[in-house]
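Residues per chain, in single letters:
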Amino acid sequence: MIEIKNVSKSYVKNKKSIDSLNLEIKDGEIFGFLGPNGAGKTTTIRMITGILNADEGDILIDGNSITTNPLEAKKSIGFVPDSPDMFLRLKGIEYLNFMADVYDVPVEKRKAKIEELTKKFEIYDDLNSQIQSYSHGMRQKIVICGALLSEPKNWILDEPMTGLDPKSSFDLKEMMKEHAKSGKTVFFSTHVLEVAEKLCDRVGIVNKGKLVFVGTLAQMKEKFKDNGSLEELFLEITEE
Amino acid sequence: MKKVLELTKVFLKTSFSNMNSQMGIKTKNKIGIVALYIFLIVYLGGLIGIFSYNIIELLKTINQESIFIGLILLITIGFTLFQSIFSSINVLYFTKDSEYILPLPLKPSEIILSRTIVILVMEYFVEAMISLIPLILYGVLTGMGVMYYITMAIALILIPILPVVLISTIVMIVMSFSKLVRNKNKFQIVATIIVLIFSVAFGMLISSTNGEVTDEQMMQMIMQANSMVNLIDGYFPTLSTLITALTSTSVFEVIVAILETIGISVIALIIYLFIAEKIYLKGLVGNLFSGNSKKSKVDLNKNNFNNSKLYKSYVGKEFKILLRNPIFLMQCFIPAILIPILMIGIVALNFRGIPAEEFQEVTSLIPNNTIVVVSVILGIVQFFYMFSYISITAISRDGENAVFMKYVPVSLYKQYIYKIIPNFIMNIFTVIVTLAILQFILKMPIITLLIVFVISMIMNAFQSILMLVIDLKKPKLNWDSEYAVVKQNMNLMYPMLLSMVNIGILVLITIITNSLNVYIGSGIILVVYGLLTYFVNRYLYKNQVKLADNII
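Below you will find a few notes about this structure.

What counts as what
Residues numbered from 1 in each chain as written. Chains lettered and ligands numbered in written order. Predicted model: local features only at pLDDT ≥ 70, side-chain atom pairs only at ≥ 80, totals over all residues. Heavy atoms only, no water. Helix = DSSP H or I, 4+ residues; strand = E, 2+ residues; numbered from the N terminus. Contact = heavy atoms within 4.5 Å. Phe/Tyr/Trp six-rings, centres within 6.5 Å; stacked < 30°, edge-to-face > 60°. Buried < 20%, exposed > 50% of the residue type's maximum accessible area, 1.4 Å probe, protein only. Lys NZ or Arg CZ within 6 Å of the ring centre and 35° of its normal. Expected span 1.5 Å × (residues − 1). Arc of directions from axis to C-beta. Patch = residues over 30% accessible without salt bridge, like charges linked within 9 Å, V, L, I, M, F, W, Y side chains within 5 Å. Areas by Shrake-Rupley, 256 points an atom, 1.4 Å probe, with all protein chains shown as cover. Salt bridge = Lys/Arg side-chain N within 4 Å of Asp/Glu carboxyl O. Pairing = 2+ DSSP bridges. Buried area = accessible area lost by both parts, 1.4 Å probe.

Quick look at the environment of Lys320(B) now. Mapped onto the fold, Lys320(B) is located in helix α12 (residues 310–324). When residues no more than four places from it in sequence are discounted, the contact partners of Lys320(B) are Leu90(A) and Glu94(A).

See below:
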């Protein structure tokens, strides 16, 4: 469970990039975080994962504050950043082993998990090559594998579908569904509205640092009394 | 030519634009930061000035001051050669913008000329740092006229051309084989090492043709004013003409020497461009696009799933990244071993003409276990720590990926320590290599070696931690090539500055404790650096979260 309590963040004085954000993502839920470029999606994700400190408010991951109890909070997060260009000089298998050591995954479990994940994403055969020889999509896959190795309770993914081929994208969506079904949390940002429509239990729309809508898609349509497409609804909300 | 200039402008802008923001010039503490840089420049300039002044005055007493010109030019050319090994490989082959430049309608010679100008501009900075003050001081102290300063300016422009062209040619020839090699990653590293070996061998070949000097010749030279300069003028093709240009009193000779230097440089440049036109692009394309290299298919057995202790895994990751990246390997790793060997080797080679008994006699005059000896060796070690760049780039090397440290469930302090360890280990190598060579030459008592080793380790810890703190405060995370981290990075002057300050502290403690027992003097040094290490480590621990604020 992720609780965002009255969080604000400014990069420059008198201009809040995130303004009094309140949000609760329950266990067993897939939550899509939408918004135009520069709306504050990545800033929010960076605060949830501990990369940025909030100026005001607090964020709790399974009850642990990311500010006052960061190590416990981070243990239950599996984070996929927006850029997959990580540790390019390591081999795929070295990267995964390193991540397993960081998250304390025992040998037997890591072996099974690495095989399962990398075979699913069809990168198993490339594990002995350096990550820099991978394509963008393959790099995205290895980073996702690294984040999911420890079976974290809360998945936080920043634009996870970017660069994935249709099959991998489908597989990832299925994994997200399975994860939520087992009572865990998925929080991800995306630009692709169709993904949000098909996958999310609830969505949050952020615009200019403020949360302008949170709820199910049915509620969104209800609230704005619009029979148009999701794209039209999104434009209507964010252009206000 | 217009295209070349435009392209050069773009390359230079991308190379140097990041430095301004890193220097903090746009930040609030503008005055403070500018003052700091002025202080640093004055401090370093002052040190070089005092050093040069003393040498020139000393040489004047034996009427051999012109050898100073030869020495400065030799050092400058040596540095330029050494620097251009790294800068040519990196600028010509490893900059990321090559991918965008290649599809543009440009001739290979235009690209290579622009790139070469970029390398030259970098060399001019190094050259200005090393030789500007000594050469001006020489002019002042020996009462030179206007012609000397004009010649000096022309000489400074000409000096780096031949070394850069020579090294870049070797680099291009080696890199042209990249097309034939399947494993590009390994090839990049091997190629860099081959270029290094070639260049060192080339340098030795040139210097060995210089011939040995007999005792009688040496005596003659000492007797005859300003003739010792002939000792070093054979080390590099343009060196003798440049020495003549700067030391001759005949206007005609000076003009001829300058024209000769220009001639040699221009011919070399033409040959270089001719070779570049033929082979540069092939090597560049071969090096850039490694997509077709055969991937080693995985056969995962139990050994692939190692369960390591976190510190082992983390430090191992740091070492792998350092070793597998040719730029980091050459700038952060190899210098730790190579520089002590090269420097002490060069000095030792100069002693080879002296008979063994005479040498023994001289070394036996050096008092064995005194605070002066300990301090001098510690000073030498400090000099080599200047080139230790692992800690000062520990955060910057990760680039935008450095945020990784902030979202994993490992305390930041622990991660800082893991990042410091490679620097610490490489410095141990530097100390061992230095002590081993010194021991081989000077045969010192074991106790002296032991004292130096222990104090060096404390100073090593202090340097490693302090440099990481500086990198945390001013990381350079947005770079387009790894080269920017190890070259276009203002932080790199801090190891040098720290070593200078440390040498100053050592001198001070030695002066104060000179009349006392060696153990008391060494003890004081140990306590001073022990305390400094304790405080800087405490600062790192207490501010671990705040220090990571700049990693975004």
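Let us now look at the packing of aromatic side chains. Overall, the coordinates contain 20 aromatic pairs over all chains when judged by the stated rule. Taking 4.9 Å as the distance between ring centres and 90 degrees as the angle between the ring planes, the aromatic pair formed by Tyr413(B) and Tyr541(B) counts as edge-to-face. Linking Tyr413(B) in helix α17 (residues 412–442) with Tyr541(B) in helix α21 (residues 518–542), this pair joins segments that are 128 residues apart in sequence. Assessed through its relative accessible area of 18%, Tyr413(B) is described here as buried. Overall, Tyr541(B) belongs to the partly exposed group, its relative accessible area being 48%. Taken together, a centroid distance of 5.3 Å and an interplanar angle of 65 degrees make the contact between Tyr534(B) and Phe535(B) edge-to-face. Of the residues examined, Tyr534(B) reaches a relative accessible area of 46% and is grouped as partly exposed. Across from the ring centre of Tyr124(A), 4.6 Å away, lies the NZ or CZ of Lys119(A), which sits over that ring. Positioned above the aromatic ring of Phe328(B) is the side chain of Arg397(B), whose terminal nitrogen or guanidinium carbon lies 5.9 Å from the ring centre.

With that settled, the discussion passes to helix α4 (residues 107–120) of chain A. The periodicity of an α-helix, 3.6 residues per turn, causes residues three or four places apart in sequence to face the same way. All names here are of chain A. Taking 1.5 Å as the rise per residue, α4 with 14 residues should run 20 Å; its terminal C-alpha atoms sit 20 Å apart, in good agreement. The set of residues buried in α4 consists of Arg110, Lys113, Ile114, Leu117 and Thr118. The buried residues of α4 occupy an angular sector of 110 degrees when the element is viewed end-on, so they sit on one face. The inward-facing, buried residues of α4 contact α3 (92–102), α5 (136–148) and α6 (166–181). Two residues or fewer past α4, Glu122 is found with a positive phi of approximately 60 degrees.

A cluster of nonpolar residues, Met147(B), Val251(B), Ile255(B), Leu259(B), Ile262(B), Val266(B) and Ile270(B), forms a patch on the protein surface that exposes about 600 Å² of accessible area. With respect to the helices and strands, the residue Ile255(B) is situated in helix α11 (residues 251–288).

Residues and elements named next belong to chain A. Strand β9 (residues 202–207) sits mainly inside the fold: six of its six residues count as buried. Covered by surrounding structure in β9 are Arg202, Gly204 and Val206 together with Val203, Ile205 and Asn207, the residues of both alternating faces. Note that strand β3 (residues 30–34) and β9 share four bridges and pair parallel. Of the residues in β9, the one forming a bridge with Phe31 is Arg202. Where β9 lies against strand β10 (residues 210–215), five bridges are found, and the strand directions are antiparallel.

Let us now look at the pattern of salt bridges. Residues and elements named next belong to chain A. Counting across every chain of the model gives 25 salt bridges over all chains. A salt bridge links Lys153 to Asp27, with the nearest nitrogen and oxygen atoms 3.6 Å apart. Of the two residues, Lys153 sits in the loop between α5 and β7 (154–158) while Asp27 sits in the loop between β2 (15–25) and β3, which places them 126 residues apart along the sequence. According to the relative accessible area criterion, Asp27 is partly exposed, its value standing at 40%. A salt bridge links Arg139 to Asp85; the nearest nitrogen and oxygen atoms lie 2.9 Å apart. Taken together, the residues span a long stretch of sequence, with Arg139 in helix α5 and Asp85 in the loop between β6 (77–80) and α3 at a distance of 54 residues.

This paragraph deals with the interface of chain A and chain B. Counting from both sides, the interface comprises 43 residues of chain A and, opposite them, 35 residues of chain B. Surface buried jointly by chain A and chain B totals about 3800 Å² across both partners, of which 59% is contributed by carbon and sulfur atoms. In terms of surface lost to chain B, no three residues of chain A exceed Ile51(A), Phe87(A) and Arg89(A), which account for 18% of the buried area on that side. For Arg324(B), the salt bridge identified is with Glu94(A), shortest N-O distance 2.6 Å.

A few words on the pairing of strand β1 (residues 2–12) of chain A. All names here are of chain A. As paired strands, β1 and β2 are joined by seven bridges and run antiparallel to one another. Paired with Lys9 across the strands is Ile18, a residue of β2. Connecting β1 to the next strand, β2, in antiparallel fashion are two residues, including Asn14 with a positive phi near 65 degrees. Bridge analysis of β1 against strand β4 (residues 56–61) gives five bridges, and the strand direction is antiparallel. The partner of Ile4 across the bridge, within β4, is Ile59.

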